[in-house]
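The residues making up each chain are set out below.
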Amino acid sequence: MEEFFMNFVWLQWIGTGFGITQVLLARKNNVNNYLFGIISVLISMWVLYHSKLYADIVLHLYYFVMSIYGWLYWKFGKEKDEATIAYSTCNEHLKATGIVAGCFILMCYWLTKHTNSDVPYLDAVVSAFAWAGMWLMAKRKIENWIYLNISNIISIPLLIYKELYIYAGLTVFLFIVGTSGYLKWRTLIKQKSNVQLAES
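Residues numbered from 1 in each chain as written. Predicted model: local features only at pLDDT ≥ 70, side-chain atom pairs only at ≥ 80, totals over all residues. Heavy atoms only, no water.

1. Side note on the side chain of lysine 141
Item 1. With respect to the helices, strands and loops of the structure, lysine 141 is situated in the loop between α6 (120-138) and α7 (144-161).
Item 2. Residue lysine 141 is classed as buried on the basis of its relative accessible area, which comes to 12%.
Item 3. Not counting chain neighbours up to four residues away, the residues in contact with lysine 141 comprise Ala86, Tyr87, Ser88, Glu92, Leu136 and Trp185. (Helix = DSSP H or I, 4+ residues; strand = E, 2+ residues; numbered from the N terminus. Buried < 20%, exposed > 50% of the residue type's maximum accessible area, 1.4 Å probe, protein only. Contact = heavy atoms within 4.5 Å.)

Have a look at this one:
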């Protein structure tokens, strides 16, 4: 059993499978994406710990909490009715930007002062944009795909450097799906807007 949990190649493949399922369901606007995401997050945390990507571990803890929150918000929303996708308000844009800046500063301090990370700044910026993206995803805001893809594009060379090639491949896939997801959600918003106009 111990040998299995130390076989990071197999764990990466399993985590990748759940991660791919999660993002494809998110693209389809399916609330159950979070259930697959939670399993993927737990597997990834174990692999990341042994790769010394500490900011990513904290990020995945955040993913875990936000996955539970997101599932509940998507399912019930503020009015106990399923929340719908939408563009972010000006206030939400400011909050997302604040999350990026605040997370980056805190992660840089923690990684440089209290860990043996050899890539503190890249690790911090990947986490910062992902934190904001996950928050927007939980709010069902279309801009989540933009923030997550910024995180993805920076994460790819970082994962290659850490020799986590399967996760790097997954991140390339996530970038492609993220682009597709943005276009898909934009279409859904337009369709909803057209229906509302037709009914008014």
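Picking up after the structure, the text goes on.
2. Details of the nonpolar core
Item 1. Counting residues in hydrophobic clusters, the biggest one holds 54 residues, and the most contacted among them are Tyr63 and Met137.
Item 2. Elements with a contribution of two residues or more to this core: α2 (8-27), α3 (33-50), α4 (54-76), α5 (90-114), α6, α7 and α8 (165-199).
Item 3. Element by element, the count of residues in this core is highest for α6, at 12 residues.
Item 4. Methionine 137 has contacts with Ala26, Tyr34, Trp74, Asn144, Trp145, Leu148 and Trp185, leaving out every residue within four places of it along the chain. (Core = buried A, V, L, I, M, F, W, Y, C linked by side-chain atoms within 4.5 Å.)

3. Observations regarding the packing of aromatic side chains
Item 1. The full count for this structure, using the stated rule, is 4 aromatic pairs.
Item 2. Ring centres of phenylalanine 18 and phenylalanine 36 lie 6.2 Å apart, and the angle between their planes is 35 degrees; this geometry places the pair in the tilted category. In this pair, phenylalanine 18 is assigned in helix α2 and phenylalanine 36 in helix α3, connecting sequence segments 18 residues apart.
Item 3. Residue classification places phenylalanine 18 among the partly exposed positions, given a relative accessible area of 26%.
Item 4. Each ring, one from phenylalanine 129 and one from tyrosine 147, has its centre 6.2 Å from the other, and the planes form 40 degrees; the classification is tilted. Placement of phenylalanine 129 in helix α6 and of tyrosine 147 in helix α7 is noted, with a sequence separation of 18 residues between them. The residues phenylalanine 129 and tyrosine 147 share a single accessibility class, namely buried. (Phe/Tyr/Trp six-rings, centres within 6.5 Å; stacked < 30°, edge-to-face > 60°.)

4. What to know about the environment of phenylalanine 129
Item 1. Relative accessible area serves as the criterion here: at 18%, phenylalanine 129 is assigned to the buried category.
Item 2. For the pair phenylalanine 129 and leucine 174, spaced 45 residues apart in sequence, the C-alpha separation works out to 14 Å.
Item 3. Excluding anything up to four places from it in sequence, phenylalanine 129 contacts Val100, Tyr147, Ile150 and Ser151.

5. What to know about the pattern of salt bridges
Opposite charge on two side chains allows them to pair when their charged atoms are near.
Item 1. Summed over all chains, the structure comprises 2 salt bridges.
Item 2. Between lysine 141 and glutamate 92 there is a salt bridge, with its nearest N and O atoms 3.5 Å apart. Taken together, the positions of lysine 141 in the loop between α6 and α7 and glutamate 92 in helix α5 put the pair 49 residues apart, joining distant regions of the chain.
Item 3. When its relative accessible area of 13% is taken as the criterion, glutamate 92 is described as buried.
Item 4. Its salt-bridge partner being aspartate 118, residue lysine 162 comes within 2.7 Å of it at the nearest N-O pair. Within this pair, whereas lysine 162 is found in the loop between α7 and α8, its partner aspartate 118 is found in the loop between α5 and α6, the two being separated by 44 residues in sequence.
Item 5. A residue is classified by how much of its surface remains accessible, and aspartate 118, at 44% relative accessible area, is partly exposed. (Salt bridge = Lys/Arg side-chain N within 4 Å of Asp/Glu carboxyl O.)

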